[in-house]
Amino acid sequence: MAKNLLGRKNTFNFVGVLGFGEAPLSTKQMGSSDWNRTKLGVSVRNGSNSQFLALEYIHSDKVKTTKIMTKELDENGKNKSIEVQLSDTYKPEIVDQAADFIKTVIDLEQDFEKKKEYTSLLFKIRNHEMKEEKTQEDLDKIKEYSEQIKELANNRVEFCHLQDVIKYLNAMLPSLKGKKVRVTGQVKSNYYNGTNRLQYIPSFIELVPEDTENQLKIMLDFFFDKEGIDDDTKSKKMYVNGYVGEKIKKADKLIPLQVVVDYTKIDEENPQHKAMLDFMKDIFKIKDKKQVYKIGLVINAINGAETIEFSEECLTEKQKMSIALGLNKLEDFKPRGNTYGERIQELRVINADLRNYSDGAVEVFEIKELDDYLVSTEDDKDVKESEVKSEEPKTEEKADDMFAKLFG
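About the criteria used
Residues numbered from 1 in each chain as written. Predicted model: local features only at pLDDT ≥ 70, side-chain atom pairs only at ≥ 80, totals over all residues. Heavy atoms only, no water. Core = buried A, V, L, I, M, F, W, Y, C linked by side-chain atoms within 4.5 Å. Buried < 20%, exposed > 50% of the residue type's maximum accessible area, 1.4 Å probe, protein only. Helix = DSSP H or I, 4+ residues; strand = E, 2+ residues; numbered from the N terminus. Contact = heavy atoms within 4.5 Å. Phe/Tyr/Trp six-rings, centres within 6.5 Å; stacked < 30°, edge-to-face > 60°. Pairing = 2+ DSSP bridges. Salt bridge = Lys/Arg side-chain N within 4 Å of Asp/Glu carboxyl O. Axes fitted to C-alpha atoms, helices over the stretch in contact; angles between N-to-C directions. Parallel < 35°, antiparallel > 145°, perpendicular 65-115°, else oblique. Left-handed = near helix turned anticlockwise from the far one by under 90°. Nonpolar A, V, L, I, M, F, W, Y, C, P; charged D, E, K, R; others polar.

**Student:** Quick question: what am I supposed to make of the nonpolar core here?
**Tutor:** One broad trend across soluble globular proteins is that nonpolar side chains are buried collectively. Of all hydrophobic cores here, the largest spans 53 residues; its most connected members are Ile218, Phe222, Phe284 and Leu297. No other element matches the six residues that helix H4 (residues 162–176) contributes to this core. Discounting residues that sit within four places of it in the chain, Phe284 has contacts with Phe222, Phe224, Ile229, Met238, Val240, Val259, Val261, Leu297 and Val349.

**Student:** Explanation requested: the packing of aromatic side chains in the structure shown.
**Tutor:** Throughout the structure, instances matching the rule amount to nine aromatic pairs. Ring centres 5.0 Å apart and planes at 65° place the aromatic pair Phe14 and Tyr200 in the edge-to-face group. Taken together, the residues span a long stretch of sequence, with Phe14 in strand S1 (residues 11–29) and Tyr200 in strand S10 (residues 195–207) at a distance of 186 residues. Both residues of the pair, Phe14 and Tyr200, count as buried. Aromatic pair Phe222 and Phe224: ring centres 6.5 Å apart, planes at 20°, arrangement stacked. Neither residue differs from the other here; Phe222 and Phe224 are each classed as buried. Clustering of aromatic rings is evident, with ring pairs tying together Phe222, Phe224, Phe284 and Tyr293.

**Student:** What am I meant to see in the pairing of strand S12 (residues 229–232) here?
**Tutor:** Successive side chains on a regular strand alternate, one facing one side of the sheet and the next facing the other. Pairing analysis gives four bridges linking S12 to strand S13 (residues 237–248), with the strands arranged antiparallel. Among the inter-strand pairings, Asp230 is bridged to a residue of S13, identified as Tyr239. Here S12 folds back onto S13 in antiparallel fashion, the turn holding four residues, of which Lys236 has a positive phi close to 60°.

**Student:** For this particular structure, what's the right way to read the pattern of salt bridges?
**Tutor:** When charged atoms on two side chains of opposite charge get close, those side chains can pair. A complete count under the given rule lists 26 salt bridges for this structure. We note a salt bridge from Asp262 to Lys237, for which the minimum N-O separation is 3.9 Å. With Asp262 in strand S14 (residues 251–262) and Lys237 in strand S13, the pair connects residues that are 25 residues apart, well separated along the chain. Residue Asp262 shares its accessibility class with Lys237, and that shared class is buried. Taken together, the salt bridges that share partners define one network made up of Asp100, Lys103, Arg156 and Glu158.

**Student:** What is the right way to read the packing of helix H2 (residues 112–129) against helix H3 (residues 136–152) from this model?
**Tutor:** Packed helices, taken two at a time, are described by their axes: the angle between them and the distance between them. Following both chains from N to C, one finds H2 and H3 inclined at 155°, their axes separated by 9 Å at the closest point. Judged by the angle between their axes, H2 and H3 are roughly antiparallel. For the element pair H2 and H3, the recorded crossing hand is left-handed. Contact residues: Lys114, Glu117, Tyr118, Leu121, Leu122, Lys124, Ile125, His128 and Glu129 in H2; Asp138, Lys141, Ile142, Tyr145, Ser146, Gln148, Ile149 and Leu152 in H3. Here the contact of H2 with H3 is composed, by residue class, of eight nonpolar, three polar and six charged.

Structure, rendered in structure tokens:
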């Protein structure tokens, strides 16, 4: 079996306006059990497309405590955990003990110059904390910078439990209406009854300047083989039915997922467009038909009606007849604002991660081993209810604007 199958975590980087209804917070009983699910319905919107954030937790009145992973390491180098009262998870003395990779940070600072100042201090602290052996000077600097951050970052809050994230964010939503945010975090699979709906678990939510470019980007490692590639030249879309990897019960598992190379905007008579299309299709190039491959992808998450160019194809038969008879012109039926097509849910590939996969897709194991990794029906519940969080994702380089425009 393949070693180090999964590697890094799958992440997302959404920039847009927060979307939410009149009553975004809800709590519902789970069947006839003692357990309830509290959920905050909040999305990040980019034009007509939006993606909901996974802001929910399961709780019971009979359960009064929870375990929090701490910064302290045991003799094996693993994070120790402490058991705390659920009513105490918001307290600074508890949050300060929590490991950074389980925290969620909400930064609602609108003075972006001040934000730059304390963000640089956060990086300085991290540089000192990453040293295996800290000198007294390191400890003094960490204390000094921490005190400066405490004074400056009065709109930045850290949490170690999702119940406190939901409570705080719900209270702040009225003041965030129409504001632009960036949300980064981990992508997890919600696999149930054979369908995989990706969940976006936030680890960092921040206000950003209004001129920040909108995006709904996902960065993930994707597994595929020859059987999963279907290039529909008539619809000008290449569908790739592959897999994403996750740990389930400490085992590496592959969960089905479809991604799409959409080349409907490509003019294949245009040499530049043709070269770009060849590049995109070669992301999924199969050199050995007996192998399963892995590649890093940059994806636009499409969930909504796309803006389309208004034309006669948008008209009803009656409207077309009226134009044909000379009673109206096309402009008479053109709506105000944008024209939208049908609602679409797709994961559109806009680039490959050639920083981590410099030569393209790599072979990971033979197809005959695939069944050893595939998620089973017994794993459905484990994937669906997984609430594992990860450290804040690294910033990814922006994909080429032209590729994003044509393929996204």
